[in-house]
Amino acid sequence: MARFHPLKVTDVRRETRDAVVVTLAPSDEHRELFDFTQGQYLTFRRDFDGEELRRSYSICAGKDEGALRVGIKRVDGGAFSTWANENLQPGDEIEAMPPMGRFSTALDPDAARTYLGFAAGSGITPVLSIIKTVLAREPKSRFTLVYANRQINSIMFREELEDLKNLYLGRFAVMHILETEGQEIDLFTGRIDAEKMAGLFKHWIEAEGVDTAFICGPEPMMLTVAQGLRDHGLGDEQIKFELFASSQPGRAKAKAVSRDAVEPGSGTEATVTLDGATRNFQMPRQGETILDAAIANSMDAPYSCKAGVCSTCRCKVLEGEVEMAVNHALEDYEVRAGYVLSCQAYPLSERVVVTYDE
Amino acid sequence: MTETMNIEDYLAKGGVLTAPGNAPARYRGELMRLMSSFVDSELAGSAGFANAINFAPGIKERIAASRITLEKADHAGRVLEVMADFGTDMARYQAQHQWDARVARDADLGTTRQSGDMRLSVLHYPITGWTDAVVMNVLQGLATDVQMTELTRVSYGPLAEVFRQIAPREKRHAELGLEGLERIVATEAGKREAVKAIAYWRPRVAAGFGMAHSGRFETLKKFGLRHATNEDLLARWQNLTGGHLAALGL
């Protein structure tokens, strides 16, 4: 399983009024783990007043920049993004999981491909990583970017995109669509909707010959753009999606109950058998499942979905009483036989004995 | 362009999710279940077909059976990698069930799955000989072909992509089966044996399409994890199978 490792913040650059670009360096022993593919993201974790928050941000660096860099745009009320924008400084350490995500296609230095990118707001970050990598590593390929923002001063990486245009003359084009600012060409003002997609394909973009299109932005924009691409002949296998970072359901965990804080009479004496080995430990009667308690006590208990559906974490209650919050996996006869989904099981009695081996 | 929408509405409108972090809990659960079912079925299918290699009458058939054994295991591995993004321990997962375990030939499992093993019920039955293996592979292969039309458009983007890579190879497995069956029915004795095997496997493969009017379907449809109903898929399979078997005089 992926684990968190510390990254050193080496640079924090203000990109727009409410976005920063953070450069990070892994320690030498983790350097290989953090070798990324263009379009991937990093998941960070940090404690906010005892509550752990996890947030994912896309890498905006290209493969050949030799740096790990993410763009973090401040979201209203977002604890993590606000903290990153206001408090993060060079020299700080932050914990991250190795890069994840499959928002990319395999590169071929001999290929002459045509790529399209659609990005809205901070959705530019992974697309920028792809653009830089593709232009550098596929010298015959071209990339056209359609980039939607509210107004000029909220455009992230505006200068960097201009530089790329000059560096890769004739191979890279950008169209800025601005919601609230009038431009010379009407088509480039407003939001991306079906009509605008049709206009872009009519006057500015040749749909035929496009190999792959990348889309990253909020949900309504992704739906509109994907539909527009399909209407103009692109197949599902040619469209790559990345939902952007703000679309993450709240990941704040239920408050962890400290083992030390278990009051007499309110805890449970748990006995868990796994792979022939049995362990005894104290666990609270609220706030922690049998699975989490077993894992917290260094047992390698099996689990997968943690949502009460897949039944990977099934165990059998031999003594005591437990209650399942959710059960979408076990049949009635299994429950009657004493089986529970340990990811959903909270102890009710002073003592429970369960086994994963039956 | 920064407005967002409720993730359930997005999915209901055909939206695509791209990372474990996007997935609401219930969606995640249903997705894991779908992936588990596929991985377990491929591993069990591969394990079952491994025996068929030694039933093969000739080198060509031996190679076909080996290829199916190999590729089904490979497909399981590819989907398991997507599960790993959600925290599944791959090493532990692939060892959690005995994939070559089979029930008695005359057991009746209906559509129910066996304890934690999520393989399709048809993959619990033992294969008894070469003709039996070929017929099972044709019928189940055509069923997989139909199921792939659903799987290649699931709303979890990284998984749909894996299924799009897998689909043409699974299709080839069914074609290999049809080629084998054509050689079998060239003799009267072979034909008689094939008819018997079809009678055995047909209802068991059909059971794999699940129950009609499944209550789970509406949830899965809302999530973009399913599009056509069990009944529709079953009808398409019956049609497809009927056509292929009729062409072989079966």
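Residues numbered from 1 in each chain as written. Chains lettered and ligands numbered in written order. Predicted model: local features only at pLDDT ≥ 70, side-chain atom pairs only at ≥ 80, totals over all residues. Heavy atoms only, no water.

Enquirer: Sorry, what's going on with the overall build of chain A here?
Expert: Along chain A, the regular secondary structure elements total seven helices and 18 strands. Reported as C-alpha extents along the three principal axes, the dimensions of chain A are approximately 75 × 45 × 40 Å. A separation threshold of at least 6 residues defines the contact pool for chain A, and within that pool the share at least 24 residues apart is 66%. Of the roughly 16,500 Å² that chain A leaves accessible, carbon and sulfur atoms contribute 44%. Considering chain A, the positive charge centre built from 40 side chains and the negative charge centre built from 55 side chains are found 2 Å apart. (Helix = DSSP H or I, 4+ residues; strand = E, 2+ residues; numbered from the N terminus. Contact = heavy atoms within 4.5 Å. Areas by Shrake-Rupley, 256 points an atom, 1.4 Å probe, with all protein chains shown as cover. Lys, Arg positive; Asp, Glu negative; His and termini not counted. Charge placed at Lys NZ, Arg CZ, Asp CG, Glu CD.)

Enquirer: Before we go on, may I ask you to explain the side chain of glutamine 344 of chain A in this structure?
Expert: Looking at the element boundaries, glutamine 344 of chain A is found in the loop between β16 (339-341) and β17 (345-347). Among the residues examined, glutamine 344 of chain A registers a relative accessible area of 9% and is labelled buried. (Buried < 20%, exposed > 50% of the residue type's maximum accessible area, 1.4 Å probe, protein only.)

Enquirer: Hey, could you run me through the sheet that holds strand β18 (residues 351-355) of chain A in this one?
Expert: By definition, the strands of a sheet pair up through backbone hydrogen bonds, in either a parallel or an antiparallel sense. Residues and elements named next belong to chain A. Pairing is mixed across the open sheet formed by five strands, whose spatial order is β13-β12-β18-β14-β16. Unpaired on one side and paired on the other, β13 (277-284) and β16 mark the two borders of the sheet. For this sheet, the mean inter-axis angle between neighbouring strands, taken without regard to orientation, is 35°. Pairing of strand β14 (residues 314-319) with β18 involves three bridges; the strand directions are antiparallel. Bridge assignment links valine 317 to a residue of β18, and that residue is valine 354. (Pairing = 2+ DSSP bridges. Axes fitted to C-alpha atoms, helices over the stretch in contact; angles between N-to-C directions.)

Enquirer: Explanation requested: the interface of chain B and chain A in the structure shown.
Expert: Often, the extent of an interface is quoted as the loss of accessible area upon association of its parts. On the chain A side, the residues contacting the 42 residues of chain B number 44 residues. Summed over both sides, the interface between chain B and chain A buries roughly 3,600 Å², with carbon and sulfur atoms accounting for 53% of that surface. Here chain B and chain A share two salt bridges between them. As a salt-bridge pair, arginine 102 of chain A and aspartate 85 of chain B come within 3.1 Å of each other at their nearest N and O atoms. If you look at where chain B meets chain A, you find six residue pairs in polar contact (both at pLDDT 80 or more). Elements with a contribution of two residues or more to the side of chain B that touches chain A: α1 (7-12), α2 (25-55), α3 (59-85), α4 (90-94) and α6 (157-184) of chain B. (Buried area = accessible area lost by both parts, 1.4 Å probe. Salt bridge = Lys/Arg side-chain N within 4 Å of Asp/Glu carboxyl O. Polar contact = N/O pair within 3.5 Å; in protein donor to acceptor, adjacent residues only side chain to side chain.)

Enquirer: When you look at unusual backbone geometry in this model, what are you seeing that I'm missing?
Expert: All names here are of chain A. Even without being glycine, phenylalanine 157 reaches a positive phi, approximately 60°. Relative to the assigned elements, phenylalanine 157 resides in the loop between β8 (142-149) and α3 (158-167). Even without being a glycine, serine 298 presents a positive backbone phi close to 60°.

Enquirer: Where do I start with the side chain of threonine 69 of chain B in this structure?
Expert: With respect to the element layout, threonine 69 of chain B can be found in helix α3. Setting aside residues up to four positions removed in sequence, threonine 69 of chain B forms contacts with Ser46, Phe49, Ala50 and Ile53 of chain B.

Enquirer: Got a minute to help me understand the sheet that holds strand β6 (residues 93-100) of chain A in this structure?
Expert: All names here are of chain A. In space, the six strands of this open sheet follow the order β4-β3-β6-β1-β2-β5, with antiparallel pairing throughout. Two strands lie at the open edges of the sheet, namely β4 (51-58) and β5 (68-73), each paired on one side alone. On average, adjacent strands in this sheet sit at an angle of 40° to one another, irrespective of strand direction. Each of β1 (5-16), β2 (19-26), β3 (41-48), β4, β5 and β6 is contacted by helix α1 (residues 79-86), which is oriented at about 90° to β3, the strand it contacts most.

Enquirer: Quick question: what am I supposed to make of the packing of helix α5 (residues 130-151) of chain B against α6 of chain B here?
Expert: If you want to describe how two helices pack, look at the angle between their axes and the distance between the axes. Residue and element names in this part refer to chain B. Running from N to C, α5 and α6 point in directions that differ by 150°, and their axes come no closer than 8 Å. As far as their axial angle goes, α6 and α5 are roughly antiparallel. In this structure, α5 crosses over α6, and the sense of that crossing is left-handed. Classifying every residue of the contact of α5 with α6 gives 15 nonpolar, seven polar and three charged. (Parallel < 35°, antiparallel > 145°, perpendicular 65-115°, else oblique. Left-handed = near helix turned anticlockwise from the far one by under 90°. Nonpolar A, V, L, I, M, F, W, Y, C, P; charged D, E, K, R; others polar.)

Enquirer: Whenever I open this one, the packing of α2 of chain B against α6 of chain B confuses me. Can you help?
Expert: All names here are of chain B. Where α2 meets α6, the axes come as close as 13 Å, and the angle between the chain directions of the two elements is 25°. With respect to their mutual orientation, α2 and α6 come out roughly parallel. Crossing angle aside, the handedness with which α2 passes α6 is left-handed. Residues Leu31, Leu34, Met35, Phe38 and Glu42 of α2 pack against Leu159, Phe163, Ile166 and Glu170 of α6. Here the residues of the contact of α2 with α6 sort into seven nonpolar, no polar and two charged.

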